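Residue-level listing of the chains:
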Amino acid sequence: MASTEESETGDAAPERTPGDLQSFAVELRRTNGEINRLVHGFALAQGLHPTDVQALSVVLDSPEPLTPGRLREHLGLTSGAVTACLDRLERAGHIRRSRESADRRIVHVHYVEGARATARNYFMPLAQAAERALLRFDDEELDVALRFLSALNEELGELRVPRR
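What comes next is a walk through the structure. Remember, predicted model here, so these are calculated numbers, not experimental data.

1. Some words on helix H6 (residues 139–158)
Working step 1: Here H6 is 20 residues long and its end C-alpha atoms lie 29 Å apart, about the 28 Å a rise of 1.5 Å per residue gives.
Working step 2: For H6, the N-terminal capping position is held by Asp 138, with its side-chain oxygen 3.1 Å away from the main-chain nitrogen of Glu 140.

2. Concerning the packing of helix H1 (residues 21–46) against helix H2 (residues 50–61)
Working step 1: One way to put it is that H1 packs onto H2 with a least axis distance of 8 Å and a crossing angle of 105 degrees. In terms of their interaxial angle, H1 and H2 are classed as roughly perpendicular. Listed contacts from H2 to Val 39, His 40, Phe 42 and Ala 43 of H1 are Pro 50, Val 53 and Leu 56.
Working step 2: In the contact of H1 with H2, the residues fall into six nonpolar, one polar and no charged.

3. Overview of the pattern of salt bridges
A side chain with one charge may pair with a side chain of the opposite charge, provided their charged atoms come close.
Working step 1: Using the criterion set out here, one finds nine salt bridges in the structure.
Working step 2: Taking the shortest distance from any N to any O, the salt bridge between Asp 87 and Arg 97 comes out at 2.5 Å. Of this pair, Asp 87 sits in helix H4 (residues 79–91) while Arg 97 sits in strand E1 (residues 95–98), and the two are ten residues apart along the sequence.
Working step 3: A relative accessible area of 29% means that Asp 87 is categorised as partly exposed.
Working step 4: Take Arg 97: its relative accessible area is 26%, and that puts it in the partly exposed class.
Working step 5: It is possible to trace a salt-bridge network through shared partners that takes in Asp 87, Glu 90 and Arg 97.

Reading the values: the criteria
- Residues numbered from 1 in each chain as written.
- Predicted model: local features only at pLDDT ≥ 70, side-chain atom pairs only at ≥ 80, totals over all residues.
- Heavy atoms only, no water.
- Helix = DSSP H or I, 4+ residues; strand = E, 2+ residues; numbered from the N terminus.
- Expected span 1.5 Å × (residues − 1).
- Polar contact = N/O pair within 3.5 Å; in protein donor to acceptor, adjacent residues only side chain to side chain.
- Axes fitted to C-alpha atoms, helices over the stretch in contact; angles between N-to-C directions.
- Parallel < 35°, antiparallel > 145°, perpendicular 65-115°, else oblique.
- Contact = heavy atoms within 4.5 Å.
- Nonpolar A, V, L, I, M, F, W, Y, C, P; charged D, E, K, R; others polar.
- Salt bridge = Lys/Arg side-chain N within 4 Å of Asp/Glu carboxyl O.
- Buried < 20%, exposed > 50% of the residue type's maximum accessible area, 1.4 Å probe, protein only.

Here it is, written out as structure tokens:
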């Protein structure tokens, strides 16, 4: 993959300007690649599949109790694949499933507190790198960056992927 300094043809990249979609795309791909590299390392260290770690992040970030069906929709997996993923995560001690509602058919997925500590410890260098990057910007700049990321995530959340 080409760096930000060179285009795909090896030529010097044009100067970045605000709103330049290509510059944003390159930096977002780089960010995604770096985070994926860390996620794959965590998955390997925990004996998990990278999709399992992706599922963990959905469980962690869910504002309400998560069901396997909602996890399936979010990840774009089959119900069987989600069940296998949750089985691996439960065996590894990362999640627990419970039936907490009056309707016993509804299963909620919860992140196990001890597993959160394991993930926090592993991803601490990521948090520290993000903190160092944050220190390079003032509050107004960070507000704009956060608004952009929120808007982008909102737009991406509306995109539908083919079901498996």
